[in-house]
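Each chain, letter by letter, is given below.
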Amino acid sequence: MARSEKQKLKLLYLLKILTEQTDERHPMPMPVLLEKLRAEEISAERKSVYSDIACLLDVGVDIVYDQTRGSGGYYLASRDFELAELKLLVDAVSASRFITKSKSVQLIGKIEKLASRHEAVQLQRQVYTAERIKNDNESIYYHVDAIHTAIHENRQISFPYLEWNLQKKLVARKGGEPYRISPWSLMWNDENYYLIGYDAGADMLKHFRVDKIGPIEMLEERREGGEVFKKCDLSAYSAKTFGMYGGEEETVTLSFPNTLVGVVLDRFGKDVLLQRISQDRFAVHVKVMVSRQFYGWLAGIGKEAKVTAPERVKEGYRNYLTEILDNS
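How each quantity is defined
- Residues numbered from 1 in each chain as written.
- Predicted model: local features only at pLDDT ≥ 70, side-chain atom pairs only at ≥ 80, totals over all residues.
- Heavy atoms only, no water.
- Helix = DSSP H or I, 4+ residues; strand = E, 2+ residues; numbered from the N terminus.
- Buried < 20%, exposed > 50% of the residue type's maximum accessible area, 1.4 Å probe, protein only.
- Contact = heavy atoms within 4.5 Å.
- Areas by Shrake-Rupley, 256 points an atom, 1.4 Å probe, with all protein chains shown as cover.
- Salt bridge = Lys/Arg side-chain N within 4 Å of Asp/Glu carboxyl O.
- Pairing = 2+ DSSP bridges.
- Axes fitted to C-alpha atoms, helices over the stretch in contact; angles between N-to-C directions.
- Core = buried A, V, L, I, M, F, W, Y, C linked by side-chain atoms within 4.5 Å.
- pLDDT = per-residue confidence, 0-100.
- Parallel < 35°, antiparallel > 145°, perpendicular 65-115°, else oblique.
- Nonpolar A, V, L, I, M, F, W, Y, C, P; charged D, E, K, R; others polar.
- Arc of directions from axis to C-beta.

A. Representation of the overall build of the protein within the structure. In terms of regular secondary structure, the protein is built from 13 helices and 13 strands. Within the protein, buried positions represent 41% of all 328 residues. Residue pairs at least 24 apart in sequence account for 63% of intrachain contacts in the protein once pairs closer than 6 positions are excluded. A total accessible area of about 19,400 Å² is found for the protein, and carbon and sulfur atoms account for 51% of it.

B. The pattern of salt bridges, seen in detail. Considering all chains together, one arrives at 16 salt bridges under this definition. R173 is the salt-bridge partner of E163, the closest N and O atoms lying 3.4 Å from each other. Separated by 10 residues along the polypeptide, E163 in strand β4 (residues 162–164) and R173 in the loop between β5 (170–172) and β6 (179–189) bring together distant segments of the chain. On the accessibility criterion, E163 (33% relative accessible area) is partly exposed. With a relative accessible area of 30%, R173 lands in the partly exposed category.

C. Focus on the pairing of strand β8 (residues 204–209). Pairing between strand β7 (residues 192–199) and β8: 6 bridges, direction antiparallel. Across the sheet, residue G197 finds its bridge partner in β8, namely K206.

D. Expanded view of the sheet that holds strand β12 (residues 281–290). The 4 strands lie next to each other as β11-β12-β10-β13, forming an open sheet whose pairing is antiparallel. Only two strands of the sheet have a single partner each, and these edge strands are β11 (275–276) and β13 (306–309). Note that strand β10 (residues 248–257) and β12 share 10 bridges and pair antiparallel. For L254, the partnering residue across the bridge sits in β12 and is V284. The sheet contacts of helix α12 (residues 292–301) involve β10, β12 and β13, and relative to β10 the element is tilted by about 5°.

E. Representation of the environment of S139 within the structure. Positionally, S139 belongs in the loop between α7 (117–120) and α8 (140–153). In this structure S139 comes out as partly exposed when scored by relative accessible area, which is 26%. Taking the C-alpha atoms as reference points, S139 and G214, separated by 75 residues in sequence, lie 8.8 Å from one another.

F. Here's a closer look at the environment of E224. Within the secondary structure, E224 is located in the loop between β9 (217–222) and α9 (226–230). Measuring from C-alpha to C-alpha, the distance between E224 and P183 comes to 8.7 Å, with 41 residues separating the pair along the chain. Ignoring anything within four residues of it in the chain, the contact list for E224 reads Q156, S182, W184, Y198 and A200.

G. Molecular detail of the side chain of K103. Structurally, K103 is set in helix α6 (residues 101–112). A relative accessible area of 18% means that K103 is categorised as buried. When near neighbours in sequence (up to four residues on either side) are disregarded, K103 contacts E138 and Y141.

H. Region of interest: the nonpolar core. Counting residues in each nonpolar core, the largest one holds 25 residues, and the members touching the most others are L123, I147, F159, L195, F208 and I213. Of all the secondary structure elements, the ones that give two or more residues to this core are α5 (83–95), α6, α8, β3 (155–159) and β6. The greatest single-element share of this core, amounting to 5 residues, is contributed by α8. Residues V252, V264, Y295 and Y317 belong to the second largest nonpolar core, which totals 21 residues.

I. Structural context of the confidence of the model for the protein. Across the protein, the average pLDDT comes to 86, with 90% of residues at or above 70. Confidence, expressed as mean pLDDT per element, reaches its minimum in the protein at helix α10 (residues 234–240) with 65 and its maximum at β3 with 97. When the criterion is pLDDT under 50, residues 126–131 qualifies, and its contacts beyond four places in sequence or with other chains add up to 11 contacts.

J. Looking closely at the packing of helix α3 (residues 30–39) against helix α4 (residues 46–58). Here α3 crosses α4 at 90°, and the two axes come no closer than 11 Å. Looking at the two axes, α3 sits roughly perpendicular to α4. Along its contact with α3, which presents M30, P31, L33, L34 and L37, the element α4 presents R46, V49, Y50 and I53. Residue classes in the contact of α3 with α4 are distributed as 8 nonpolar, no polar and 1 charged.

K. Structural detail: α12. Along α12, the residues classified as buried are F294, Y295, W297 and L298. Here the buried residues of α12 occupy an arc of 155° about the axis, which is enough to place them on one side. After α12 finishes, the residue G302 shows a positive phi value of roughly 110°.

Take a look at the structure:
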């Protein structure tokens, strides 16, 4: 870029310098500010920079002059995100199994640009380790975008659904026959993204792990199953579907010691009704998808978790535990 053209961008370069290199703890004195502009091949005098700063203030840029540090200096006082908020975002990206390691590095790099260079150092807090299991399917991001587009445009989608084989390769289910689904929502559950969609052939809502979805084809047909989806409470759907595995829906009665109230609330939400049945135990009546994953959750809690009704679920739980003992 020619020097004369860069000179026209003086105001933008000034804002860039203040954004990237200053914060409350690192104000920039006027001589240094002028030096930074000269390094960008932009000539400036104090008076013109004072005028530029006034213009930025007029359009709402929060620039503060700090007189308490040395000879005083200017810094950008307000940003879209506070440093504490950026730290939360970095930690969430780092800890997420859904986001690949390479994409995590890219996203954290972009988040760092929302802070000054000085504060960005504090964002280099990789909370995952080299042993942390993270997804390696980069296509997930494009699938999420395609699903959001289909929902926005009210269109059905088609895709092969994949599963792992012993060679650690993802291969298509049903011999590669694609699923034809009306997408209605995306759900985050147990560190994975799920597509919630209507299968017209089965006349029901189904869920699919996004990282196991193959190439998505956008169809011209309008979505179906809107009324079915409206009747679905997604938070309840997530609570009753253990590990996002299907099963027969049942209203079951479970009892626990009072010390496990937190475990129950974490699983079923704070709206669940807790019924005191003795001095040290309580019961809940909840809808769940009865599956081996549900029984596994109960077994993981231990002998203090009991199924009290209905009898067929009690029998199913006993059979599940017996099978484990017989195979041990």
